[in-house]
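These are the residues of each chain, in order.
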Amino acid sequence: MPVRDEDTGKLHLERPEGFPLPQTCDLGGYRTVETLKALGQLVRCPVAEYPSPEGDELATEGKFPAHIVVGARACDVNAMTMVDKVQVEGEFEDAFYRIRREKMFVIAADCTECGDSCFCNLIGKKPWPEGGYDLAVSKVSGGFIIEAGSERGEQAVKDNETLFTDAHESHVKTREENRERVMGRLQENNRDFPEAAVMPEIIREALSDEIWDEIAARCVECGACTNICPTCYCFMLYDQEKDGERSQRISTWDSCQVTGYARMAGMLNPRARLADRVKHRYYHKYDYLVLSHGEIFCTGCGRCIDACSAGIDMRDVLKRIRAKAGK
Amino acid sequence: MGVKNPYYPIDTIVEDIITETPTIKTFVLKPAKPISFRAGQFMQLTLPGLGEAPFTPSSSPSVSEKMEITILRTGKVTDALHELSPGSKVGLRGPFGKGYPMDKLEGKEVLIVGGGVGLAPLRSLIYALLENTSKYKRISIKYGARMPEELCFRRQYSEWGRAAANVDFTNTIDVPAPGWDGRVGLVTTLLDDLDIDIDGSIAVSCGPEIMLKFVTLKLLEVGYKPPQVYLSMNRKMSCGMGKCGRCNVGHYYLCVDGPDMCYDKIKHVPNVFG
């Protein structure tokens, strides 16, 4: 759950030791510095030990801890819903990811502020949860408005009905006012930037533009943007010896921004140039996944903007591409 | 229960190793359980503790108990594979990908253009086509390698050429070599005077990217249209399931949409041949 750092004022994703919760737990403000993605896709996850008498039967018993996520903001909930499409849907499923997601109970929360880098409004998203959660909470004076978003959520409310009472109209009104206020601030903060919905069409025309060289000239290839991005799901598999008898296969987060990411045997590399790697990240989110999975894989959380030591701002990149296209 | 681990490699024994050229070997593999595949689909071959690499089987897709994979020595995993001896244990995951567009080839004049070890996946296709030659108007196989000793599957050429009246096989080497009295010139020179009804033809090619590029340009020059050209594209592949995110050509993932791609779908991608 989000815990406020009293020095910086920022929220961090932490696992409280138990009850009572620390005073710094906070369901207000905006998204945490960290994403939730490591709960679905571990940073480093052993995925196979071989040879094994069980073969390709996956032993799940006791291997997958359940998580209750409290105070997830819309951008992170939306991101998980997007990544679900890649990792679970289709001919193959990543069973590791699917089981971890199924064992996650998500309590989402409205944003009551927005950060300087937040731009969910440009993506057509809202700073409050619209789906993908079990329960959603909105802070209002004297308590919270709770909404169930799944059968499990409804059951949780039913099982604890003594804790709840019907929401007053005034509470709902407060919630709507808060939502409007945060949305207004987002619109004000991002008034100079284009809405992302127009980008897939425009970006397709910029495949050979020199703008990517200009952006790449500043990029330091640290991979912070991909690591901090809640919708960057790409990973690498590698093998190592475990003991004399068996070997181990490990799945680990990877970044398309580093040189070796797409390099093949014989040192062939379709994205040897940094500009092609920088470009790839934008195309993956704003073109390829739109074509293959039906939506822009960005939730406007703005973490890549905060994390970039070169000061590259995704909103600004999109703005420049649009300006060049004259649209 | 009954959850499958998609990352687990099926235990596999290397039954035999055939040296094809100084740098290419064919591995005859027997997996612990049969693996059915379609021509052109690929496998992830595990060298325990070292890693996986993707290969399209070079054997007949009608055989599932055993599988042959023909491998050029070119990197970490393939170097180690070339050091194996029969009896070694490896692992297999797959099959992955779509495979060759078999339904589109029916009734067509099928032009197969291979270069170097690129004949390996095409051999699987050739087996599939030769099992039912009457389904195709024509099967024309063109193959090139740099030097005579680099020609793969030499023992089978005459057999292929004599398989049926509508099957032909021609090969070439890049530069003249002592004792070689066959054709000399890049594989594209075999496409100069095609005796083929191009409108009713589909071309399928596999080889190094630079060869694929010039084969594609030549095919377009002699009258093929992009929808008639299928290319085995090369990208780094890892998961095989469209999830790890590295083998894309444009918005396609070669591991699920390929590895053989219709040129019409990818022709807009800048530097598509690397």
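Quick caveat, the model's predicted, so the values are computed rather than measured.

## Focus on the overall build of chain A
For chain A, the helix and strand inventory stands at eleven helices and nine strands. Expected size for 327 residues packed as a compact globule is a radius of gyration near 20 Å; at 21 Å, chain A falls within 12% of this value. Evaluated residue by residue, chain A yields a buried proportion of 38% over its 327 residues. A separation threshold of at least 6 residues defines the contact pool for chain A, and within that pool the share at least 24 residues apart is 73%.

## Re the overall build of chain B
Helix and strand content of chain B: seven helices and 15 strands. Relative to the globule expectation of 19 Å for 274 residues, the C-alpha radius of gyration of chain B, 18 Å, shows essentially globular dimensions. Here the C-alpha coordinates of chain B stretch approximately 55 × 45 × 35 Å along the principal axes. Pairs at least 24 apart in sequence give 70% of the contacts found in chain B among residues at least 6 apart.

## Side note on the domain arrangement of chain B
Residue and element names in this part refer to chain B. For chain B, the assigned domains read domain 1 (10–96), domain 2 (102–231) and domain 3 (233–274). Contact residues are listed per partner, giving 15 residues for domain 1 and 14 residues for domain 2. Where the side of domain 1 that touches domain 2 is concerned, the elements lending two or more residues are β1 (10–21) and β5 (67–72). Here the side of domain 1 that touches domain 2 is built from residues that sort into six nonpolar, eight polar and one charged.

## Describing the interface of chain B and chain A
If you look at the interface, chain B gives 37 residues, while chain A gives 40 residues. Elements supplying a minimum of two residues to the side of chain B that touches chain A: β1 and β4 (51–55) of chain B. When residues in the side of chain B that touches chain A are grouped by element, the largest group, three residues, is from β4 of chain B. Here the residues of the side of chain B that touches chain A are counted per class, giving 13 nonpolar, 17 polar and seven charged.

## Concerning the sheet that holds strand β8 (residues 138–145) of chain B
Residue and element names in this part refer to chain B. Read from one edge to the other, the open sheet built from seven strands follows the order β10-β9-β8-β7-β11-β12-β15, with strand pairing classed as mixed. Each edge of the open sheet carries a strand with a single partner, namely β10 (183–184) and β15 (260–262). The sheet contact formed by strand β11 (residues 201–206) and strand β12 (residues 229–232) spans three bridges and is parallel. Of the residues in β12, the one forming a bridge with Ser-205 is Leu-231. Across the sheet, helix α3 (residues 119–130) is in contact with β7 (109–115), β8, β9 (167–173), β11 and β12; its angle to β7 comes to roughly 155°. Sheet strands in contact with helix α5 (residues 209–221) are β7, β11 and β12, and its direction is about 175° off that of β12.

## Remarks on the environment of Tyr-127 of chain B
Residues and elements named next belong to chain B. Looking at the secondary structure, you find Tyr-127 in helix α3. Taking the number of C-beta atoms within 10 Å as the measure of exposure, Tyr-127 has 20 and is therefore buried. With ten residues separating them in the primary sequence, Tyr-127 and Lys-137 have C-alpha atoms 16 Å apart. The residues contacting Tyr-127, other than those within four sequence positions of it, are Ser-59 and Ser-60.

## Remarks on the pairing of β7 of chain B
Residue and element names in this part refer to chain B. Burial analysis of β7 places seven of its seven residues in the buried class, the great majority of the element. Of the two faces of β7, the one carrying Glu-109, Leu-111, Val-113 and Gly-115 and the one carrying Val-110, Ile-112 and Gly-114 are both buried. Across seven bridges, β7 lies against β8 in parallel orientation. Note on β8: the bridge partner recorded for Leu-111 is Ser-140.

## Regarding the pairing of strand β5 (residues 104–109) of chain A
All names here are of chain A. In this structure, strand β4 (residues 67–72) lies alongside β5, joined through five bridges in parallel fashion. Following the sheet pairing, Ile-68 is matched in β5 by Phe-105. Looking at chain direction, β5 and strand β6 (residues 135–140) are connected through three bridges and run parallel. Within β6, the residue paired with Ile-107 across the bridge is Leu-135.

## Description of the nonpolar core
Core analysis: the largest hydrophobic core is formed by 146 residues, its most contacted members being Ala-72 and Ala-108 of chain A together with Val-110, Ile-112, Ala-203 and Cys-255 of chain B. The element that contributes the greatest number of residues to this core is helix α2 (residues 74–87) of chain A, accounting for eight residues.

## A word on the sheet that holds strand β3 (residues 42–47) of chain B
Residue and element names in this part refer to chain B. Taken together, six strands build an open sheet; the order of strands is β4-β3-β6-β1-β2-β5 and the sheet is antiparallel. Strands with a single pairing partner mark the edges of an open sheet, and in this sheet they are β4 and β5. Taking the axes of each pair of neighbouring strands and ignoring which way they run, one obtains an average angle of 40° across the sheet. With five bridges connecting them, β3 and β4 associate as antiparallel partners. Paired with Leu-47 across the two strands is Gly-51, which belongs to β4.

Calculation rules
- Residues numbered from 1 in each chain as written.
- Chains lettered and ligands numbered in written order.
- Predicted model: local features only at pLDDT ≥ 70, side-chain atom pairs only at ≥ 80, totals over all residues.
- Helix = DSSP H or I, 4+ residues; strand = E, 2+ residues; numbered from the N terminus.
- Rg over C-alpha atoms; globule rule 2.2 N^0.38 Å.
- Buried ≥ 20, exposed ≤ 12 C-beta atoms within 10 Å, placed from the backbone.
- Contact = placed C-beta atoms within 7 Å.
- Domains from an automatic or database assignment.
- Nonpolar A, V, L, I, M, F, W, Y, C, P; charged D, E, K, R; others polar.
- Pairing = 2+ DSSP bridges.
- Axes fitted to C-alpha atoms, helices over the stretch in contact; angles between N-to-C directions.
- Core = buried A, V, L, I, M, F, W, Y, C linked by C-beta atoms within 7 Å.

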